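For reference, the chains in residue letters:
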Amino acid sequence: MSTSKPQTRPGIRTLVTLTSLAVAAGWTGAAADPSNWQYLEAISFSEVETDGEWRVVKEFPAALTDGQSFAITGYYVPIEAQPYVTQFLLVPDPADCPFCGSNGYGISLEVRMARPLPDMAEATEITVTGTLELIDDPTTYQFARLRDATLLGAGG
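Below: a short report on this structure. Small disclaimer: the values here were computed from a predicted structure and weren't measured.

## Re the overall build of the chain
Counting its regular elements, the chain contains two helices and eight strands. Counting from the amino terminus, helix and strand elements in the chain follow one another as β-α-α-β-β-β-β-β-β-β. By the burial criterion, 37% of the 156 residues in the chain qualify as buried. Contacts in the chain between residues at least 24 apart in sequence constitute 65% of all its contacts with a sequence separation of at least 6. Taken as a whole, the chain presents about 8600 Å² of accessible surface, with 53% of it coming from carbon and sulfur.

Following this line, the structure appears as structure tokens:
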């Protein structure tokens, strides 16, 4: 078995880490700013292959911690049709819908509600708050989810 240095695969998009911006802005992880997409976009990742084994290496900015209270405003994307919704995706722009196929795949946040919500129209702007769960699983590009979420407002 040969030992090789991990190599980052060429052509993989790596997001620029904005940790210094978050720190400079004085963000402490409080749920005060529902436009927190900039902090999720600050998560960087790369694909690495070592000795034929592939994995995703993620780097989380210091401003994000597992288990912190987190509020965010985005656009509702249902995962499946159902009268009451407990799990869905939130995207920063309706054009970022990962199921629409017209704009590529943008950032999204999985949301798991504490209590079911009545289904709503796709692309409805909503604000939710919950507990941020960072996902460091090296077999997926998913980086975070919001759990035990509650709806703060809809129809912005």
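## Here we look at the packing of aromatic side chains
The description of two aromatic rings rests on the distance between their centres and on the angle between their planes. With the rule as written, the count across this model stands at three aromatic pairs. Measuring from centroid to centroid gives 5.3 Å for Phe45 and Tyr141, while their planes differ by 75°, and the two rings are edge-to-face. A residue pair is termed long-range when its members are at least 10 positions apart, and Phe45 in strand 2 (residues 44-50) and Tyr141 in the loop between strand 7 (125-134) and strand 8 (144-154) qualify at 96 residues. The class of Tyr141 is partly exposed, set by a relative accessible area of 35%. Taking 6.2 Å as the distance between ring centres and 65° as the angle between the ring planes, the aromatic pair formed by Trp54 and Tyr141 counts as edge-to-face. Residue Trp54 is located in strand 3 (residues 53-59), and its partner Tyr141 is located in the loop between strand 7 and strand 8; the two are separated by 87 residues in the primary sequence. When its relative accessible area of 31% is taken as the criterion, Trp54 is described as partly exposed. Through a chain of ring-to-ring contacts, three or more aromatic side chains come together here, namely Phe45, Trp54 and Tyr141.

Analysis parameters
- Residues numbered from 1 in each chain as written.
- Predicted model: local features only at pLDDT ≥ 70, side-chain atom pairs only at ≥ 80, totals over all residues.
- Heavy atoms only, no water.
- Helix = DSSP H or I, 4+ residues; strand = E, 2+ residues; numbered from the N terminus.
- Buried < 20%, exposed > 50% of the residue type's maximum accessible area, 1.4 Å probe, protein only.
- Contact = heavy atoms within 4.5 Å.
- Areas by Shrake-Rupley, 256 points an atom, 1.4 Å probe, with all protein chains shown as cover.
- Phe/Tyr/Trp six-rings, centres within 6.5 Å; stacked < 30°, edge-to-face > 60°.

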